[in-house]
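# Reading the structure
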Amino acid sequence: MGLFSKILNSLGFGSKAHAEEAAPTGTPTTAPTPSAPTAPAAPATGQVDVVGKLEGLAARHPEKLNWRTSIVDLLKLLDLDSSLQARKELASELGCPPEKMGDSAQMNMWLHKTVLQKLAENGGNVPPELLH
């Protein structure tokens with residue numbers, strides 16, 4: 001499993017997480033959810049509130065992390081490996097341009113923006129100001 005998949009899982013992306021959010025525990029649904037992915041569900045309820053989840057994690061985290069601008073802090077907040085090697089692997093996984101890979105600061109900025117964009121592409125509700 002790639003690091004981006006771990007980010008998605010940590011934030012509750014995926015059919016299992018969506019099904020748990022859509023149906024309260026112990027309440028059966030009338031639709032055949034095991035055979036149908038989350039796409040048939042109403043899009044508004046199927047979106048993951050990325051900012052809400054991250055703010056909630058940040059409020060309970062012992063360190064003050066600036067996940068809104070730092071990929072290192074974002075990964076730490078999700079309890080994932082934030083080492084340079086892990087970030088390089090994530091950058092490669094997401095297609096970082098080679099010229100940015102050689103400069104860790106440029107790579108980190110690219111990576112932070114790209115991770116948030118990919119979260120939005122995968123159904124995450126990410127405000128536009130975090131995508132620029």
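Overview of the structure.

Cut-offs used in this document
- Residues numbered from 1 in each chain as written.
- Predicted model: local features only at pLDDT ≥ 70, side-chain atom pairs only at ≥ 80, totals over all residues.
- Heavy atoms only, no water.
- Helix = DSSP H or I, 4+ residues; strand = E, 2+ residues; numbered from the N terminus.
- Buried < 20%, exposed > 50% of the residue type's maximum accessible area, 1.4 Å probe, protein only.
- Contact = heavy atoms within 4.5 Å.
- Arc of directions from axis to C-beta.
- Axes fitted to C-alpha atoms, helices over the stretch in contact; angles between N-to-C directions.
- Parallel < 35°, antiparallel > 145°, perpendicular 65-115°, else oblique.
- Left-handed = near helix turned anticlockwise from the far one by under 90°.
- Core = buried A, V, L, I, M, F, W, Y, C linked by side-chain atoms within 4.5 Å.
- Polar contact = N/O pair within 3.5 Å; in protein donor to acceptor, adjacent residues only side chain to side chain.

### Regarding the overall build of the chain
A count of helical and extended segments in the chain gives eight helices and zero strands. What you see in the chain, going N to C, is helices and strands ordered as α-α-α-α-α-α-α-α. Here the chain holds 132 residues, and 33% of them are scored as buried. Counted over contacts in the chain with a minimum sequence separation of 6, partners at least 24 positions apart contribute 52%.

### Comments concerning helix α1 (residues 3-10)
Within the sequence span of α1, burial applies to L3, F4, I7 and L8. One side of α1 carries all its buried residues, which in axial view fall inside an arc of 150°. Residues of α1 that are buried make contact with α5 (71-77), α6 (84-94) and α8 (104-121). Following α1 by one or two positions, G12 adopts a phi angle in the positive range, close to 90°.

### What to know about the packing of α1 against α8
Axis angle and axis distance: for two packed helices, these are the angle between their axes and the distance between the axes, and together they describe the pair. Running from N to C, α1 and α8 point in directions that differ by 60°, and their axes come no closer than 11 Å. By the angle class used here, α1 and α8 are oblique. As for how α1 packs across α8, the hand of that crossing is right-handed. On α8, the residues touching F4, I7 and L8 of α1 are V115, K118 and L119.

### Topic: the nonpolar core
Considering soluble globular proteins, one finds that nonpolar side chains tend to be buried as a cluster. Core analysis: the largest hydrophobic core is formed by 31 residues, its most contacted members being I7, V115 and L119. When contributions to this core are tallied by element, the ones reaching two or more residues are α1, α4 (50-60), α5, α6 and α8. Per-element accounting of this core gives the leading share, six residues, to α8. When neighbours within four sequence positions are excluded, V115 is seen to be in contact with F4, I7, I71, L74, L90 and L94.

### Description of the side chain of H112
Note that H112 resides in helix α8. Residue classification places H112 among the buried residues on the basis of a relative accessible area of 6%. A polar contact is formed between the side chain of H112 and the backbone oxygen of R68, at a distance of 3.3 Å. Residues contacting H112, with those up to four places away along its chain left out, are W67, R68, T69, S70, I71 and L74.

### Re the environment of P128
Looking at where P128 falls in the secondary structure, it is placed in the segment after α8. Along the backbone, P128 and L116 are 12 residues apart, and their C-alpha atoms lie at a distance of 10.0 Å.

### Some thoughts on unusual backbone geometry
A positive phi is found at D79, a non-glycine position, where the angle reads about 60°. Relative to the helices and strands, D79 resides in the loop between α5 and α6. In this structure D79 comes out as exposed when scored by relative accessible area, which is 70%.

Such coordinate-based values are descriptive only and should not be taken to indicate function.
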